[in-house]
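Chain residues, written in single-letter form:
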Amino acid sequence: MVPTAPATTAEEATAGGHPAVGVDGSYDVVVIGGGPGGYATALYGAAAGLSVAVIELDKVGGTCLHRGCVPAKEFLETASVYRTVAGAKAFGIAAGDDGPSVDFATSQARKQQVVDQLYHGLAGLMKGRGITIYSGSGTLLSGHRVQIAGNDGATTEIVGTDVVLAAGSVPRTIPGFDIDGTLVLTSDEVLDLEELPGSAAVVGGGAVGCEFASMLSDLGCAVTLFEALPSILSSCDDDVARVVARSFRKRGIDVKVGVQLQGHVPDPSGRGTVVAYGEGEKLAVDAVVVSVGRRPRTEGLVDPDAGVVIDEQGFVVTDEFMRTSADGVWAVGDLVAGAPQLAHVGFAEGIVVVKSILGEPVVPVDYERAPWAIYCHPEVAFAGLSEEAARRAGYDVVVKKDPFGGNSRARIIGDVEGLVKLVAERRADGSGGRLLGVHMVGPWVTEQLGAGYLAVNWEATAQEVADFIQPHPSLSETFGETALALAGRGLHLG
Ligand SMILES: Cc1cc2nc3c(=O)[nH]c(=O)nc-3n(C[C@H](O)[C@H](O)[C@H](O)COP(=O)(O)OP(=O)(O)OC[C@H]3O[C@@H](n4cnc5c(N)ncnc54)[C@H](O)[C@@H]3O)c2cc1C
C-alpha cells in the first residue's frame, strides 16, 4: 500500500493534483463524499473544533452544486429572463418586434460561471476551517478505517473516531433507454448541453422532470412530459399539482399521465429518435430526458466487515440520529434509506450527526415536515401534509385556498397563476386549528415558504399565524389572508 498524504486545500485536492503532506492520518471525523451532506457535516464539525477529513472523488459541492440544484436553477432563471423579455411589451417596454431569442452557449457559460464561483467559495471555506481533503474514492473498512483509492493512483488508509457516509446518489435509468449523452440524457447531460434540442420527451413528472420540462419549453423546445402515475408531481397536494399541469398544458407542454414507455428506436440518420409508448403509440423527438429519480451510490462504499446495513435498494439504514448499525459510523444525504433526496435535508442531517458526536442535545430531522421547493414555472413550495395525506393519517381536516389572482403584487408583476392552500386540524366550531400543511404554487413561492415552514414545524394554529402582519403589497399577503380565513374570518376570502 502506497500512502497518499492529504491535500492541504480543497482546491489542490479537487483539481486532482498530488496532495501535499498533511496530518498523521487520524481524525475526529472522516467524511466520505463532499456533497451537501458531506460538506455540511465537515463545516459544522470543523466549526466545533473537530479535526475533519473529507474524501471526494470528484469536486466538493457534489451533485447539488455541479449537476443538480444550482445549475438547474440557473437555467430556470434563464427561462425566467426569457419570459420577462417576451412579456415586456405589456409593460410598455420595447424589446424588438421579433421577440427574444436564445443563445444557449452563452447561458451555459453563465451557468458554469455561477457554479465555479460557488465551488471556489466552498473550497476556500473548507480550507479556512482547516478541513483536510483527500482526492479519491473512499471505502469504509472495519475499525473505522477508510481506504482511499487516490485519483493519482496511490492508495492510503486513514482512520476516524467517527466516520460519516455521504456518497450521495446518481441518476436512475429505465430499461430500453440507455444513456448515450446525445439522444438519451439524464440531468447530468442536460445540464452540460451547449445547444437545446428542438423537441424532447421528458420522462418522469417529478420535481426534476417538471423543472426540465418547464425550462426547455420556455426556451423554445417542444416538450412532451411522460408520467406513469395518474398525475405529475404526485408527492404534492392535488390542487397544487393540478395548477402546474394546467399551466404546462396552456404553455404547450404535452403532459401525458398514466403512460408507460416501451423503448425508443434511433433515427438511422442519427438525428432524433422515435419513442414507443402506451398502446403502440409513437413520438419522434430530438432527445429523451430521463428523470425518474436517483439511486444511492453505495457500490464499493462499505466493506462487509464494517458492519453497516444496506437495504435491498442500496440505501444505508440509519436511525433518526443518522447512526448506522456500526457503532461510530453515520450516514447523511441521498444515500439514507427513507430520507427525502434534498440538499437541505443533507445539511440538517450533518448538523444532527455533529451534535450527536459532541453529545449535545439534538432534535432529529422531521422528514414529513421538511420544506420542498420546485422551481418550475409556476413554482411550487410546501411543508407538511397534503390534504389527502392528512385525511389518510386520520385527521379531521379543514382547508382554505386563496388564489394569487386577488393579490395586488401578483397583479403588479403580471404573474397571477397559482394559489396558497392551508391544511389544518378542524376545531369544534369548524375553523382551522393546528396547521398540518402549507402548500403554495405561483410567483416566487419558493422564497415565501419560510413562514409556512416555520408555522407547520412550530405547530402553530391558523389564528396564531393570522395574528402576524404581512407587508402590503406583497405576495406573502395571500398566505396571511388564507390563515385569517382559516381561523374563522377573512378580510377578502370567505
Ligand atoms: C437536476 C437536479 C436538481 C436538483 N434540485 C434540487 C433543489 O432544487 N433543491 C434540493 O434540495 N435538492 C435538489 N436536488 C437534489 C440534491 O442535488 C441532492 O439531494 C444532494 O446533492 C444530495 O447531497 P449528498 O451530499 O447526499 O450527495 P451528492 O450531492 O450526490 O454528493 C456526494 C458526493 O460524494 C462523492 N462520492 C461518491 N462516492 C464516493 C466515494 N466512494 N468516495 C469519495 N467520494 C465519493 C461524489 O463525487 C459527490 O461529490 C437536485 C438534484 C438534481 C439531479
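Quick summary incoming for the structure in this document. Computed from a predicted structure; not experimentally measured. (Residues numbered from 1 in each chain as written. Predicted model: local features only at pLDDT ≥ 70, side-chain atom pairs only at ≥ 80, totals over all residues. Heavy atoms only, no water.)

1. Section: the overall build of the protein chain
(1) Moving on: Helix and strand content of the protein chain: 14 helices and 21 strands.
(2) Moving on: In terms of C-alpha radius of gyration, the protein chain reaches 24 Å, essentially the compact-globule figure of 23 Å for 494 residues.
(3) Moving on: Expressed along its principal axes, the backbone C-alpha trace of the protein chain runs to roughly 70 × 65 × 45 Å.
(4) Moving on: A buried classification covers 52% of the 494 residues belonging to the protein chain.
(5) Moving on: About 21800 Å² of surface is accessible on the protein chain, with carbon and sulfur atoms providing 53% of the total.
(6) Moving on: Both charge centroids of the protein chain, one from 36 positive and one from 61 negative side chains, sit 7 Å from each other. (Helix = DSSP H or I, 4+ residues; strand = E, 2+ residues; numbered from the N terminus. Rg over C-alpha atoms; globule rule 2.2 N^0.38 Å. Buried < 20%, exposed > 50% of the residue type's maximum accessible area, 1.4 Å probe, protein only. Areas by Shrake-Rupley, 256 points an atom, 1.4 Å probe, with all protein chains shown as cover. Lys, Arg positive; Asp, Glu negative; His and termini not counted. Charge placed at Lys NZ, Arg CZ, Asp CG, Glu CD.)

2. Let's talk about the packing of aromatic side chains
(1) Moving on: Counted by the stated rule, this structure contains 5 aromatic pairs.
(2) Moving on: Relative to Tyr134, the ring of Tyr27 lies with its centre 6.2 Å away and its plane at 90°, an arrangement referred to as edge-to-face. A residue pair is termed long-range when its members are at least 10 positions apart, and Tyr27 in strand β1 (residues 26-32) and Tyr134 in strand β3 (residues 132-140) qualify at 107 residues. For the pair shown, Tyr27 and Tyr134 are each scored as buried.
(3) Moving on: Summarising the aromatic geometry, the rings of Phe75 and Phe104 are spaced 4.9 Å apart at their centres and angled 35° between planes, so their arrangement reads as tilted. Highlighted residues: Phe75 in helix α4 (residues 69-86) and Phe104 in helix α5 (residues 104-128), separated in sequence by 29 residues. Accessibility assignment for this pair places Phe75 and Phe104 in one class, buried.
(4) Moving on: The ring of Tyr119 carries Lys59 above its face, with NZ or CZ at 5.1 Å from the centroid. (Phe/Tyr/Trp six-rings, centres within 6.5 Å; stacked < 30°, edge-to-face > 60°. Lys NZ or Arg CZ within 6 Å of the ring centre and 35° of its normal.)

3. Observations regarding the packing of helix α2 (residues 36-47) against α5
(1) Moving on: Two numbers describe how α2 lies on α5: the axes approach to 10 Å, and their chain directions differ by 35°. The two elements α2 and α5 meet at a crossing, and its hand is left-handed. Packed against α2, whose contacting residues are Tyr39, Ala42 and Leu43, the element α5 presents Leu122, Leu125 and Met126 at the interface.
(2) Moving on: Among the residues forming the contact of α2 with α5, the class breakdown is 6 nonpolar, no polar and no charged. (Axes fitted to C-alpha atoms, helices over the stretch in contact; angles between N-to-C directions. Left-handed = near helix turned anticlockwise from the far one by under 90°. Contact = heavy atoms within 4.5 Å. Nonpolar A, V, L, I, M, F, W, Y, C, P; charged D, E, K, R; others polar.)

4. Some details on the site of the ligand
(1) Moving on: The full set close to the ligand counts 37 residues, and Glu56, Thr63, Lys73, Asp334 and Ala343 are the nearest of them.
(2) Moving on: Between Cys64 and the ligand, the recorded distance is 3.2 Å, taken from a backbone N or O atom to an oxygen atom.
(3) Moving on: One nitrogen or oxygen atom from the side chain of His344 is found 3.2 Å from an oxygen atom belonging to the ligand.
(4) Moving on: Contact with the protein chains covers 95% of the free accessible surface of the ligand, which is 1000 Å².
(5) Moving on: Considering each element in turn, the shell around the ligand owes the most residues, 4 residues, to helix α3 (residues 62-67). (Near = heavy atom within 4 Å. Polar contact = N/O pair within 3.5 Å; in protein donor to acceptor, adjacent residues only side chain to side chain.)

5. Observations regarding unusual backbone geometry
(1) Moving on: At the junction of His377 and Pro378, the peptide bond is cis and its omega measures out at 0° in the coordinates.
(2) Moving on: Counting through the fold element by element, Pro378 comes out in the loop between β17 (372-374) and β18 (379-384).
(3) Moving on: A cis amide bond links His472 to the next residue, Pro473, at an omega of -5°.
(4) Moving on: Topologically, Pro473 is positioned in the loop between α13 (462-466) and α14 (477-486).
(5) Moving on: With a phi angle near 70°, Met322 is a residue other than glycine that sits in the positive phi range.
(6) Moving on: Relative to the elements of secondary structure, Met322 occurs in the loop between β15 (294-296) and β16 (329-331).
(7) Moving on: Although it is not a glycine, Glu459 adopts a positive phi angle of roughly 55°.
(8) Moving on: Topologically, Glu459 is positioned in the loop between α12 (449-457) and α13.

6. Focus: the packing of α4 against α5
(1) Moving on: Close contact between α4 and α5 brings their axes to 9 Å; oriented N to C, the two are set at 140°. When the interaxial angle is binned, α4 and α5 end up oblique. For the pair α4 and α5, the crossing hand works out as right-handed. Contacts from Val70, Pro71, Glu74, Phe75 and Thr78 in α4 reach Phe104, Ser107, Gln108, Arg110, Lys111, Val114, Val115 and Leu118 in α5.
(2) Moving on: Partitioning the contact of α4 with α5 into residue classes produces 7 nonpolar, 3 polar and 3 charged. (Parallel < 35°, antiparallel > 145°, perpendicular 65-115°, else oblique.)

7. Here we look at the environment of Ala337
(1) Moving on: Structurally, Ala337 can be placed in the loop between β16 and α9 (343-358).
(2) Moving on: Ala337 gets classed as partly exposed once you look at its relative accessible area, which sits at 25%.
(3) Moving on: Separated by 204 residues in sequence, Ala337 and Ile133 have C-alpha atoms that sit 26 Å apart.
(4) Moving on: The contact partners of Ala337, leaving out residues within four places of it in the chain, are Asp311, Phe315, Val316 and Val317.

8. As for the pairing of β1
(1) Moving on: β1 sits mainly inside the fold: 5 of its 7 residues count as buried.
(2) Moving on: Taken together, the 6 bridges between β1 and strand β5 (residues 155-165) define a ladder with parallel strand orientation. Residue pairing across strands places Val30 opposite Val163, the latter belonging to β5.
(3) Moving on: Both β1 and strand β2 (residues 52-56) contribute to a ladder of 4 bridges, which runs parallel. Counterpart to Val31 in the pairing with β2 is Val54.
(4) Moving on: With α2 bridging β1 and its parallel neighbour β2, the resulting β-α-β unit is right-handed. (Pairing = 2+ DSSP bridges. Right-handed = clockwise from strand over helix to strand, strands pointing away.)

9. Quick word on the side chain of Asp415
(1) Moving on: Here Asp415 lies in the loop between α11 (408-413) and β20 (419-426).
(2) Moving on: Buried within the structure, Asp415 lacks any salt-bridge partner; its nearest side chain of opposite charge belongs to Arg83, at an N-O separation of 5.9 Å.
(3) Moving on: With sequence-adjacent residues up to four places away left out, Asp415 is seen in contact with His377, Ala410 and Pro443. (Salt bridge = Lys/Arg side-chain N within 4 Å of Asp/Glu carboxyl O.)

Such coordinate-based values are descriptive only and should not be taken to indicate function.
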